[in-house]
Amino acid sequence: MFIPKRVIFERGSLDYEIGRDVLNFFKGNNGVQIINITSNRIKENIPGEDLYNFYREGKKTLVVGVKKGFKFQSCKPSAHYQLPLVSGCTGQCQYCYLNTNLGDKPYIKINVNVEEILSKAGSYINERLPEVTIFEGSATSDPVPVEPYSHLLKRTIGFFANNENGRFRFVTKYNDVDSLINLNHRGKTEVRFTLNTDKVIREYESRTASIDKRIEASVKLARAEYPIGFIIAPVFIYEGWEEDYKNLLIELKDNLPTNLKYPITFEVISHRYTSRAKDIILKVFPDTNLPMKDEERKYKYGQFGYGKFVYEKEQLDHMKEFFTREIEEIFKNSTIKYII
Ligand code: SF4
């Protein structure tokens, strides 16, 4: 669970039950500074004169706000829309895409007007009837570490359970899922866990849950009959990577129950970076040893001019072969969605 150093309440946030719940949760905790602001000037209340320090202080900050006057962003190809419950994440993964997208907003923000947000989701669902509309809850966040006191996922899972044509999905590297176990989700919410080898987690995924905790959490939700998926990402090629990733798959298999209600899904994503991401990563993590030597990668042109440095074609072909073979051998009741 994320215990911040400071909680900033935006104007109006305490008019909502969730805002008041969060205040009550942290009020007696002397280590947590409570700040009420009447403007939207969040950044002025977070110390840090440069990106390096602002990032670290921002990651210790929880903002409680109200989402107003908004349109849902599209979220192709994994869903139709982003569901704006939470933005930002307490983790400090060096390669994280949020560093590029939310560089000046590293704090985690929860939106307390969940009823309005869900009612808007209902309107989007109605517009697309009779089609099913899918909403992604973690396009710009990991919502799980704030769930024990925000209950945003619990409320959202309940909403989608009662909506025939809506589906919800989110992805996490955390394990604070106990309050979701006994919900009547009716199979409408899919939970995906991002996994990686011990070495990658230790070196690059600071302040996230360990692999054992992530697997344990996935087992709890699989037993609770949620549709479950795994994203193995980002895959790094290093000495001994095949053995490590194979052991990871075996550990997962040994822990998961055999009588799963839904086939599990796999998505596998190799490590890639843009020049812009690399610049920011080097400012925030000047001592990083993330493999980002442009000359060792292939440049892949992107849609909007944001080309990416990906592994060489032979390496990617080998990676695809490896994961296809191992996943198919180890997990008989599974679907590989893609390996890229
Ligand atoms: Fe980014 Fe996910 Fe790591 Fe959070 S857990 S810092 S969202 S990669």
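Definitions and cut-offs
- Residues numbered from 1 in each chain as written.
- Predicted model: local features only at pLDDT ≥ 70, side-chain atom pairs only at ≥ 80, totals over all residues.
- Helix = DSSP H or I, 4+ residues; strand = E, 2+ residues; numbered from the N terminus.
- Buried ≥ 20, exposed ≤ 12 C-beta atoms within 10 Å, placed from the backbone.
- Contact = placed C-beta atoms within 7 Å.
- Pairing = 2+ DSSP bridges.
- Expected span 1.5 Å × (residues − 1).
- Arc of directions from axis to C-beta.
- Axes fitted to C-alpha atoms, helices over the stretch in contact; angles between N-to-C directions.
- Left-handed = near helix turned anticlockwise from the far one by under 90°.
- Nonpolar A, V, L, I, M, F, W, Y, C, P; charged D, E, K, R; others polar.
- Right-handed = clockwise from strand over helix to strand, strands pointing away.

S.K.: Describe in detail the overall build of the protein, supporting the description with residues and values.
M.R.: Within the protein, the regular secondary structure consists of 11 helices and 16 strands. For the protein, with 340 residues in total, the buried portion stands at 37%. Look at the contacts in the protein between residues 6 or more apart in sequence, and 75% of them connect residues 24 or more apart.

S.K.: Can you tell me about the sheet that holds strand β4 (residues 81-82), naming the residues and giving the values?
M.R.: Spatially, seven strands are ordered β4-β8-β9-β10-β12-β13-β16 in an open sheet, and the strand pairing comes out parallel. The open sheet has two edge strands, β4 and β16 (334-339), and neither has a second partner. Relative to β16, strand β13 (residues 264-270) runs parallel, the two being bridged by five bridges. Bridging across to β16, Phe266 finds its partner in Ile336.

S.K.: Go over helix α8 (residues 211-223) with me, naming the residues and quoting the values.
M.R.: Taking 1.5 Å per residue, 13 residues should reach 18 Å; α8 reaches 18 Å between its end C-alpha atoms and fits that length. Buried within α8 are the following residues: Ile211, Arg214, Ile215, Ala217, Ser218 and Ala222. With its buried residues spanning 160 degrees around the axis, α8 presents them on a single face. Looking at the packing, one finds that the buried side of α8 touches β10 (189-195), α7 (198-204), β12 (228-235) and α9 (241-255).

S.K.: Could you give an account of the sheet that holds strand β3 (residues 61-65), with specific residues and numbers?
M.R.: Reading across from one edge, β2-β1-β3-β7-β5 is the order of the five strands in this open sheet, with mixed pairing throughout. Here the strands that pair on one side only, and so sit at the sheet edges, are β2 (33-36) and β5 (86-87). The pairing of strand β1 (residues 6-9) with β2 spans four bridges and is parallel. The residue bridging Phe9 from the neighbouring strand is Asn36, located in β2.

S.K.: Break down the packing of α8 against α9 for me, with residues and values.
M.R.: The interhelical angle for the contact between α8 and α9, taken along N-to-C directions, is 35 degrees, at an axis separation of 10 Å. For α8 against α9, the interelement crossing comes out right-handed. Residues Ile211, Ile215 and Val219 of α8 touch α9, and the partners they reach there are Leu248, Glu251, Leu252 and Asn255. A per-class count over the contact of α8 with α9 returns five nonpolar, one polar and one charged.

S.K.: Help me get a handle on the environment of Ser13, residues and values and all.
M.R.: As for its position among the elements, Ser13 is in the loop between β1 and α1 (17-27). Between the alpha carbons of Ser13 and Val112 there is a distance of 6.5 Å; along the sequence they are 99 residues apart. Excluding its chain neighbours within four sequence positions, the residues that come into contact with Ser13 are Gly19, Val64, Gly65, Val66 and Val112.

S.K.: Outline the pairing of β12, listing residues and values.
M.R.: Judged by how many residues are buried, β12 sits mostly within the fold: six of eight residues are covered. As judged from the five bridges shared by β10 and β12, these two strands associate in the parallel manner. Across the sheet, residue Leu195 finds its bridge partner in β12, namely Ile232. Here β12 pairs with β13 via five bridges, running parallel. Residue pairing across strands places Ile232 opposite Val268, the latter belonging to β13. In terms of handedness, the path from β12 via α9 over to β13 forms a crossover that is right-handed.

S.K.: Now, about unusual backbone geometry: what can you tell me, with residues and values included?
M.R.: The omega torsion across Lys76 and Pro77 is 0 degrees, close enough to zero to call that bond cis. With respect to the element layout, Pro77 can be found in the loop between β3 and β4. The phi dihedral of Arg186 falls on the positive side, at around 55 degrees, and the residue is not glycine. A positive phi is found at Arg207, a non-glycine position, where the angle reads about 60 degrees.

S.K.: Explain the environment of Leu183 to me, and be specific about the residues and the numbers.
M.R.: In this structure, Leu183 sits in the loop between β9 (166-172) and β10. Residue class for Leu183 comes out partly exposed when judged on the 16 C-beta atoms lying within 10 Å of it. Separated by 177 residues in the primary sequence, Leu183 and Arg6 have C-alpha atoms spaced 31 Å apart. Those residues in contact with Leu183 that lie beyond four places of it in its chain are Lys154, Ile157 and Gly158.

Function-wise, these values are silent; they only describe arrangement.
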